[in-house]
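# Structural overview for review
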Amino acid sequence: MDECEAGIADIAKAFLKIGAVSYGGPAIVGIMQTELQEKRRWLAKQSFVDGLALVNMLPGPLATQLGIYIGHAKQGIAGGVVAGLGFILPAFAIMLVLSWAYDRFGTFAVARHSLYGIGPVVIGIFAVAVYRLAKGTIRGRLQLLICIAAMVLMLVTPISLGVTLLVAGCAGIALFSSRRMGLLALAGVLLIAALVETLGGIVLTQDVVQGVAPAADKPTLWGLAVFFLKVGALTFGGGLSMLAFIQDQVVAQLGWLTPQQFVDGLALGQFTPGPVLMLAAFIGFKIAGVTGAAVATAAIFAPSFVMILTILPLLKRMQNTEWLQAFMRGVGPAVIGALAVSLVRMVPAAAPDILTSALLVLTVAILLLRSVGPFPLILGGAVIGITRRMFRWDLLGRLVA
């Protein structure tokens, strides 16, 4: 399937749209695949999977980095910058308004019921994306075995996703290029992973805690920027693991927010579309108003732009190298396995009852049987969620159950 052209304006419109209405953290990957790879044909399935592999091996937020990758694939550095900003800015604007309302009117419970119908729809979109990517990525028994092995590692061991993908890449080199080179690379990856596991957490935690601000003191703008730069540059595992680290540091170690304020910030983040790390804007706003929100947001996402836009030109120059092609043949199936595991883990929370389960199944069926974009489905899910709250469909659900 030929790739379609996209100008800077097309990239800006597409990512502003995605950033304004897409929910679900990792599930946003499914929306990007459906809207940009499947519907608009901006890049081939293999290129999309290669991008997923790259961003999963880097620290920082996955969806934002994938957007930068896609923009770069169409219009180079300018396209990457426009795509990343387009994805981030709508969420930043929404979070700024919500943070102001929170600060103005005090603690309040965000109406989570508005997301009741969106959750299962987003997971349905994600499920179809995983299925379609798997069809184009896994070819042959060896790649299927790599996919299954990656799923097992993620489900039953504490090994991180980044290490899992690197191990899969080394297996690809051993199976599809040079066994000796693959085994040597595998030994190197395991040695480095052990060193990072031993030293990395200590260095990050001590450096951040000791170098930014004393506990319970408000930081300067510079201290705020340093903290979020380090989080964006050094925290692996995607947005959710980054949120866990931020919570530990901002609440328990630094005392910038109370536990209740952090929980309220998380709730506002769930209500806000786009990157889950927009919680940084809430924290920045609580500390230094609009300027603090802007500094925190810029700092936590800046490393993603630098890493992706620096690495991609190098990879393009190396893309015809035999060992790199073999490496990607191993990583691709592992990415599919990782996405499948994420899907399994998200389903129970997104579809806790009969109505939401039916919404998830209906979304999958519509996407497989009809050519429909993700946004009408998301909006439909939102309407169902609001309607359910207004007319007490929960009572009907109990009667049916």
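Residues numbered from 1 in each chain as written. Predicted model: local features only at pLDDT ≥ 70, side-chain atom pairs only at ≥ 80, totals over all residues. Heavy atoms only, no water.

This part is about the overall build of the protein. When you go through the protein residue by residue, the secondary structure sums to 16 helices and zero strands. Residues classed as buried in the protein amount to 49% of the 401 residues present. Approximately 18,300 Å² of the protein is accessible, and the part contributed by carbon and sulfur atoms is 67%. (Helix = DSSP H or I, 4+ residues; strand = E, 2+ residues; numbered from the N terminus. Buried < 20%, exposed > 50% of the residue type's maximum accessible area, 1.4 Å probe, protein only. Areas by Shrake-Rupley, 256 points an atom, 1.4 Å probe, with all protein chains shown as cover.)

The next thing to look at is the side chain of Q143. Mapped onto the fold, Q143 is located in helix α6 (residues 141-156). Once residues within four sequence positions are removed from consideration, Q143 is found in contact with T137, I138, F176, R329 and P333. (Contact = heavy atoms within 4.5 Å.)

Let us now look at the side chain of S22. Examined against the element boundaries, S22 turns out to sit in the loop between α1 (8-21) and α2 (28-39). Using a relative accessible area of 0% as the deciding quantity, one classes S22 as buried. Reaching out from S22, the side chain makes a polar contact with the backbone oxygen of I18 at a distance of 2.3 Å. (Polar contact = N/O pair within 3.5 Å; in protein donor to acceptor, adjacent residues only side chain to side chain.)

Our next topic: the pattern of salt bridges. Pairing between side chains of opposite charge can happen when the charged atoms of each approach one another. Counted by the stated rule, this structure contains two salt bridges. The closest approach of N and O atoms between K39 and E35, which form a salt bridge, is 3.9 Å. Here E35 and K39 lie together in helix α2, a separation of four residues that amounts to about one turn. Its relative accessible area of 1% is what places E35 among the buried residues. When the shortest N-O distance is used, the salt bridge between E35 and R40 registers 3.0 Å. (Salt bridge = Lys/Arg side-chain N within 4 Å of Asp/Glu carboxyl O.)

This part covers the packing of aromatic side chains. Scanning the model with the defined rule gives two aromatic pairs in all. With centroids separated by 4.9 Å and ring planes inclined at 80°, the aromatic side chains of F227 and F228 adopt a geometry described as edge-to-face. Considering the side-chain rings of F227 and W256, the 5.3 Å spacing of their centres and the 75° angle between planes classify their relative orientation as edge-to-face. Taken together, the positions of F227 in helix α9 (residues 221-234) and W256 in the loop between α10 (238-253) and α11 (259-271) put the pair 29 residues apart, joining distant regions of the chain. Across the pair, W256 and F227 agree in class, each one buried. Taken together, the ring pairs connect F227, F228 and W256 into an aromatic cluster. A cation sits over an aromatic face here: R329 above F176, 3.9 Å from the ring centre. (Phe/Tyr/Trp six-rings, centres within 6.5 Å; stacked < 30°, edge-to-face > 60°. Lys NZ or Arg CZ within 6 Å of the ring centre and 35° of its normal.)

For the rest of this paragraph, the subject is helix α3 (residues 45-56). Between its first and last C-alpha, α3 extends 17 Å over twelve residues, near the 16 Å set by a 1.5 Å rise per residue. Regarding α3, the residues found buried are F48, V49, G51, L52, A53, L54, V55 and N56. (Expected span 1.5 Å × (residues − 1).)

Attention now goes to the nonpolar core. Among the nonpolar cores identified, the biggest contains 107 residues, and M32, I70, F228 and I283 are the most heavily contacted of them. Among the elements that take part in this core, helix α12 (residues 279-318) stands out by supplying 17 residues, more than any other. Setting aside anything within four residues of it in sequence, one finds M32 in contact with F15, I18, Q37, F48, A63, L66, G67, I70 and F87. (Core = buried A, V, L, I, M, F, W, Y, C linked by side-chain atoms within 4.5 Å.)

What follows deals with unusual backbone geometry. Although it is not a glycine, R41 adopts a positive phi angle of roughly 55°. Its place among the elements puts R41 in the loop between α2 and α3. Here R41 falls in the partly exposed class, since its relative accessible area comes to 29%.

Our next topic: the packing of helix α5 (residues 118-137) against helix α14 (residues 354-369). Two elements in contact, α5 and α14, have axes whose closest approach is 8 Å; the angle formed by their N-to-C orientations is 40°. Of the possible angle classes, the one that applies to α5 and α14 is oblique. Considering the relative orientation of α5 and α14, their crossing is right-handed. Contact with α5, carried on its side by P120, V121, I123, G124, I125, A127, V128, Y131 and R132, involves T356, L359, L360, T363, V364, L367 and L368 of α14 and no other residues of that element. (Axes fitted to C-alpha atoms, helices over the stretch in contact; angles between N-to-C directions. Parallel < 35°, antiparallel > 145°, perpendicular 65-115°, else oblique. Left-handed = near helix turned anticlockwise from the far one by under 90°.)

Take a nonpolar patch on the surface next. A cluster of nonpolar side chains, namely L144, I148, V152, L155 and V156, defines an oily patch on the protein surface of about 450 Å² accessible area. If you trace the backbone, V152 turns up in helix α6. Judged by its relative accessible area of 43%, V152 falls in the partly exposed class. (Patch = residues over 30% accessible without salt bridge, like charges linked within 9 Å, V, L, I, M, F, W, Y side chains within 5 Å.)

For α6, with 16 residues, the first-to-last C-alpha span of 22 Å sits near the 22 Å given by 1.5 Å per residue. Along α6, the residues classified as buried are Q143, I146, C147, A150 and M154. End-on, the buried residues of α6 take up no more than an arc of 100°, which puts them together on one face. What points out from α6, more than 90 degrees from its buried face, is the exposed set R141, L145 and V156. (Arc of directions from axis to C-beta.)

Our focus in this paragraph is the confidence of the model for the protein. With 84% of its residues at a pLDDT of 70 or more, the protein shows a mean pLDDT of 80. Looking over the protein, one finds the lowest element-wise mean pLDDT in helix α16 (residues 393-400), namely 49, and the highest in α1, namely 92. Counting contacts from residues 202-216, a segment whose pLDDT is below 50, to residues more than four positions away or on other chains yields 27 contacts. (pLDDT = per-residue confidence, 0-100.)

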